[in-house]
Amino acid sequence: MTNTNQRPKRPLRVAAAQLGPIHLADSRESVLQRMFRLLDQASASRVQVVAFPELAFTTFFPRHLMDHTELEAYFDLDDPQNGGLRQSPGIKPLFDHARDLGIDVYVGYAEKAPTGDGFGYYNSSVYYSARSDRIVQKYRKVHLPGVVEPFKQPGATQQLEKRYFSNGDLGFPAFRAPGLLPNAAKTAAGPGEAIPLEGSGDAIFGMLICNDRRWAEGWRSYGLQGAELVFCGYNTTAYAPQLLGTSEDIDRKTAEEEVLFHHKLSCQGNSYMNACFSVNVAKCGLEDGHSLISGTIIVHPNGHILAEASTKEDELVIANIDLGDCRRGKEKTFAFAKHRRPDQYRMITDYTGVVEPKMLAADGI
Ligand code: CDT
């Protein structure tokens, strides 16, 4: 079997496991049971990889002002001395279930990591491989939105990620997921043996978390590593004019449509510009009265949406994809090695904020 480029197919059946609201009062056990149901559904549909949202095990707690003691309950310990996240008691049951079903998992969680003299707190995700029963890669959210000090206006939507988490410090590490593709090429074993073709090895994946999807730099970092699929889980507030740049003058329904549009624009545009699939998965609905957008989508490297959620509840969104479809973009329009001009891109790493051109003189025209 070949695709239009006469390359072998790289078929994969993926799913986004959208979660409806998780309220402050909901127990971890109840959330795990919901995740198990979605995994069971995925298994019945022969899905190989399931993606869960950002901070999937709890309510979106950064909208609440909490003291350190209250906050601790929302974090899961990722301690390499004790088996890492794979053995963390509040999450282990999910990996055990996924292992038993033979399904790989991308999932977001609040990470508490020992630092030697204390703990670091991150908004993180991991990719768990069922075949190897291990976490293949961890990612820590780089672009933390929101503020350190809570907004004072009554009724304002709080977003305290900058208060509760440290900035991600692992960069954007692409990785290969073992055992998903039939006939994936392996490393050349010895001298004289043919070097495997680009795009013929085991699947190359990357991870982003929520706000990261709005920033081209993370996607391009994955594009430069040949990523064929990027996962992104999110909790996106439907109405947050203080934070999202939507006008305060528009009604809530119009504001939500605008937020949804920018979400899709980011995922579709960046998938296209980096010639990769993306699985973008929401936690959505009314959480304790706070509205989160839905919009779970699986996007093709040509930018089109392949599958989309139709509810604001727990819902499995499935797509059959062929990672070989990335080759057209990677070898033509976005053949980076041929067309990129990094010597002209220095501002991207030299500048953080905006540096405007010099003002014109008073008599300037
Ligand atoms: N969770 C997260 O990163 N949310 C941001 C919105 C922050 S402003 C309300 C997002 O980019 O969707």
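Residues numbered from 1 in each chain as written. Predicted model: local features only at pLDDT ≥ 70, side-chain atom pairs only at ≥ 80, totals over all residues. Heavy atoms only, no water.

The protein chain has the name CN hydrolase domain-containing protein in an unreviewed UniProt entry, where Pestalotiopsis fici is given as its organism.

A. Main features of empty space enclosed by the protein. A complete count under the given rule lists one cavity of 30 Å³ or more for this structure. Considered as a void within the structure, the largest cavity measures approximately 30 Å³ in volume. In terms of lining, the largest cavity is formed by Arg28, Leu55, Ala56, Phe57, Thr58, Phe61, Tyr74, Asp76, Gly108, Tyr109 and Ala110. When residues in the lining of the largest cavity are grouped by element, the largest group, three residues, is from strand E4 (residues 104–114). In terms of residue class, the lining of the largest cavity is made up of seven nonpolar, two polar and two charged. (1 Å grid on protein atoms, 1.4 Å probe; cavity = no way out; pocket = protein on both sides within 12 Å on 5 of 7 lines; lining within 4 Å. Points joined across faces, edges and corners; volume = space filled by probe spheres on them. Helix = DSSP H or I, 4+ residues; strand = E, 2+ residues; numbered from the N terminus. Nonpolar A, V, L, I, M, F, W, Y, C, P; charged D, E, K, R; others polar.)

B. The arrangement of the pairing of strand E15 (residues 315–322) in detail. Where burial is concerned, most of E15 is hidden: six out of the eight residues are buried. In this sheet, E15 lies alongside strand E1 (residues 11–18) in antiparallel orientation, the contact comprising eight bridges. Within the sheet, the bridge partner assigned to Val14 lies in E15 and is Ala319. (Buried < 20%, exposed > 50% of the residue type's maximum accessible area, 1.4 Å probe, protein only. Pairing = 2+ DSSP bridges.)

C. Quick peek at the packing of helix H5 (residues 216–223) against helix H7 (residues 252–273). In the contact formed by H5 and H7, the axes pass within 9 Å of each other and the chain directions differ by 30°. Our classification of the angle between H5 and H7 gives roughly parallel. Helix-helix and strand crossings are classified by hand; for H5 and H7 the assignment is right-handed. Residues Ala216, Trp219 and Arg220 of H5 touch H7, and the partners they reach there are Ser266, Cys267, Asn270, Ser271 and Met273. Tallied by class, the residues present in the contact of H5 with H7 amount to four nonpolar, three polar and one charged. (Axes fitted to C-alpha atoms, helices over the stretch in contact; angles between N-to-C directions. Parallel < 35°, antiparallel > 145°, perpendicular 65-115°, else oblique. Left-handed = near helix turned anticlockwise from the far one by under 90°. Contact = heavy atoms within 4.5 Å.)

D. Spotlight on the packing of aromatic side chains. Using the criterion set out here, one finds 16 aromatic pairs in the structure. The ring centre of Phe119 lies 4.3 Å from the NZ or CZ of Lys112, which sits over that ring. A cation sits over an aromatic face here: Arg140 above Tyr122, 3.8 Å from the ring centre. (Phe/Tyr/Trp six-rings, centres within 6.5 Å; stacked < 30°, edge-to-face > 60°. Lys NZ or Arg CZ within 6 Å of the ring centre and 35° of its normal.)

E. Here's a closer look at the site of the ligand. Around the ligand sit 16 residues, and of these Lys141, Cys210, Asn211, Arg214 and Thr236 come closest. A distance of 3.1 Å separates a nitrogen atom of the ligand from a polar side-chain atom of Glu54. Contact distances for the ligand include 3.1 Å between a nitrogen atom and a backbone N or O atom of Asn235. Considered on its own, the ligand offers 360 Å² of accessible surface; in the complex 99% of this is hidden by protein. Looking at the shell around the ligand residue by residue, the classes come out as six nonpolar, five polar and five charged. (Near = heavy atom within 4 Å. Polar contact = N/O pair within 3.5 Å; in protein donor to acceptor, adjacent residues only side chain to side chain. Areas by Shrake-Rupley, 256 points an atom, 1.4 Å probe, with all protein chains shown as cover.)

F. Geometry of the pairing of strand E6 (residues 134–140). In terms of burial, E6 is a largely internal element, five of the seven residues being buried. In terms of strand pairing, strand E5 (residues 119–129) meets E6 through six bridges, oriented antiparallel. Following the sheet pairing, Ser129 is matched in E6 by Arg134. The antiparallel hairpin formed by E5 and E6 contains four residues in its connecting segment, where Asp133 sits at a positive phi of about 45°.

G. The side chain of Glu287, seen in detail. Relative to the assigned elements, Glu287 resides in strand E11 (residues 285–287). Under the relative-accessibility criterion, Glu287 is labelled buried at 0%. Polar contacts involving the side chain of Glu287 include one to the side chain of Arg63, which spans 2.9 Å. What Glu287 contacts, discounting residues up to four positions off in sequence, is Pro21, Ile22, His23, Thr59, Phe60, Arg63 and Leu292.

H. Highlighting H7. With 22 residues, H7 should cover 32 Å at 1.5 Å per step; its first-to-last C-alpha distance of 31 Å lies within 8% of that length. For H7, the complete set of buried residues consists of Ala255, Glu256, Val259, His263, Lys264, Ser266, Cys267, Asn270 and Ser271. Regarding H7, its N-cap is Asp251, as a side-chain oxygen of that residue lies 3.0 Å from the backbone nitrogen of Lys253 further along. (Expected span 1.5 Å × (residues − 1).)

I. Expanded view of the environment of Ser310. On the secondary structure map, Ser310 appears in the loop between strand E14 (305–308) and E15. When its relative accessible area of 66% is taken as the criterion, Ser310 is described as exposed. For the pair formed by Ser310 and Leu65, sequence separation is 245 residues and the distance between their alpha carbons is 32 Å.

J. Representation of the nonpolar core in the model. Ranked by internal contacts, the top residues of the largest apolar core, which has 48 residues, are Leu12, Tyr127, Phe205, Tyr222, Leu229 and Phe231. Going through the elements one at a time, E1, strand E2 (49–51), E6, strand E8 (204–209), H5, strand E9 (229–234), strand E10 (277–282) and E15 are the ones with two or more residues in this core. Excluding its chain neighbours within four sequence positions, the residues that come into contact with Tyr222 are Tyr139, Phe172, Pro173, Ala174, Gly206, Met207, Leu208, Ala227 and Val230. Counting 29 residues, the second largest nonpolar core, distinct from the first, contains Leu32, Val47, Leu85 and Ile103. (Core = buried A, V, L, I, M, F, W, Y, C linked by side-chain atoms within 4.5 Å.)

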